[in-house]
Amino acid sequence: MKRLLVMLIAAALALSLASCGTTGENGGSDTVADGTATEPVRAAEESTDGGETTAAQAAEESEYFKNGAVLFRGFLELSGEEFVSLVEAQGYEWYDDDYVLSGFADAGASSGFQKNFLTDYIEVFDGPTDFRSYEDIKSAGKGDLSGMGVAFNVRGEYADGSESISVVFDGLEIGEVRKDPYDEKGSGAARVKDGNGTEYLALYTTEFYTNGTATVSFIVRTNEYFAANPFGGTASSIDAVWSQLYVG
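Residues numbered from 1 in each chain as written. Predicted model: local features only at pLDDT ≥ 70, side-chain atom pairs only at ≥ 80, totals over all residues. Heavy atoms only, no water.

Novice: Help me out: how do you make sense of the overall build of the protein in this one?
Specialist: A tally of regular secondary structure across the protein gives eight helices and ten strands. The 248 residues of the protein split such that 52% are buried. For the protein, the share of sequence-separated contacts (at least 6 apart) that also reach a separation of at least 24 residues comes to 64%. Accessible surface for the protein amounts to roughly 10,500 Å². Of this, 48% is attributable to carbon and sulfur atoms. (Helix = DSSP H or I, 4+ residues; strand = E, 2+ residues; numbered from the N terminus. Buried < 20%, exposed > 50% of the residue type's maximum accessible area, 1.4 Å probe, protein only. Contact = heavy atoms within 4.5 Å. Areas by Shrake-Rupley, 256 points an atom, 1.4 Å probe, with all protein chains shown as cover.)

Novice: Help me out: how do you make sense of the sheet that holds strand β9 (residues 199–208) in this one?
Specialist: Backbone-to-backbone hydrogen bonds join strands into a sheet, with any given pair of strands oriented parallel or antiparallel. The strand order across the open sheet built from eight strands is β3-β4-β5-β6-β10-β9-β8-β7, with neighbouring strands paired in antiparallel fashion. Among the strands making up the open sheet, the edge pair consists of β3 (93–98) and β7 (173–179). For this sheet, the mean inter-axis angle between neighbouring strands, taken without regard to orientation, is 25°. Judged from the four bridges that link them, β3 and strand β4 (residues 110–115) form a sheet pairing that is antiparallel. Among the inter-strand pairings, Asp-98 is bridged to a residue of β4, identified as Ser-110. (Pairing = 2+ DSSP bridges. Axes fitted to C-alpha atoms, helices over the stretch in contact; angles between N-to-C directions.)

Novice: Help me understand helix α4 (residues 80–89), please; the structure alone is not making it clear to me.
Specialist: One turn of the α-helix equals 3.6 residues, which is why residues spaced by three or four share an orientation. Buried residues dominate α4, accounting for seven of its ten residues. Of all the residues in α4, the buried ones are Gly-80, Glu-82, Phe-83, Val-84, Leu-86, Val-87 and Ala-89. Of the residues flanking the end of α4, it is Gly-91, one or two places downstream, whose phi is positive at about 105°.

Novice: So what exactly am I meant to see when it comes to unusual backbone geometry here?
Specialist: Across the chain, the bulk of peptide bonds are trans and the bulk of non-glycine residues have phi less than zero. Positive phi is not limited to glycine here, since Asp-97 has a value of about 50°. With respect to the helices, strands and loops of the structure, Asp-97 is situated in strand β3. We classify Asp-97 as exposed; its relative accessible area is 60%.

Pasting the structure below:
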């Protein structure tokens with residue numbers, strides 16, 4: 001499968017995520033279209049038998065996760081402490097400076113959350129080449145996690161990888177979506193905006209399986225990310241990167 005998008009971004013941006021392959025889970029949820037934060041489900045709530053729910057039950061009920069997969073609104077609307085609580089309740093564990101399986105081919109090690117033997121992952125960028133530490137993620141304020149860039153994967157019964165965009169970015173304004181002309185079902189990009197007008201460039205790549213599931217890997221970056229890593233002035237903004245996708 002040709003991956004023009006992956007090749008272009010790897011060449012132009014050079015620094016992405018961790019290693020090859022993928023497996024994941026998929027999400028969808030009710031939304032708050034104007035980006036207003038809503039109260040997340042806490043890890044310890046009253047259960048029907050008068051006791052406490054398990055952390056996994058609380059995470060499963062959260063509007064920011066579905067089927068074990070994080071939705072982008074989780075980065076936007078949760079504080080770091082709330083985010084970490086829900087991620088860990090869903091079974092993710094912290095890993096440091098390791099090679100995690102993703103749909104983007106890159107030999108670099110990364111740091112973030114993983115589960116299922118490194119096949120499901122969530123990563124938060126601290127800069128063009130660095131990943132936020134556990135302590136930094138946990139101490140982040142509401143919406144701060146989306147400030148530079150994030151990476152994660154989702155899974156669902158998608159006939160086309162782009163079908164996951166409306167689920168993953170539910171509640172955001174989804175603008176133009178482009179598909180890799182050589183890999184239209186598997187790879188592409190989308191421009192999305194939150195309720196405050198902040199724009200995000202979402203790159204995705206997809207692996208399809210014989211059981212009908214597809215695993216879609218996302219890297220979502222802001223203008224702040226590209227401004228900090230302009231690559232000789234050729235990728236200094238979302239507009240600049242967008243103009244280079246699938247041309248020539």
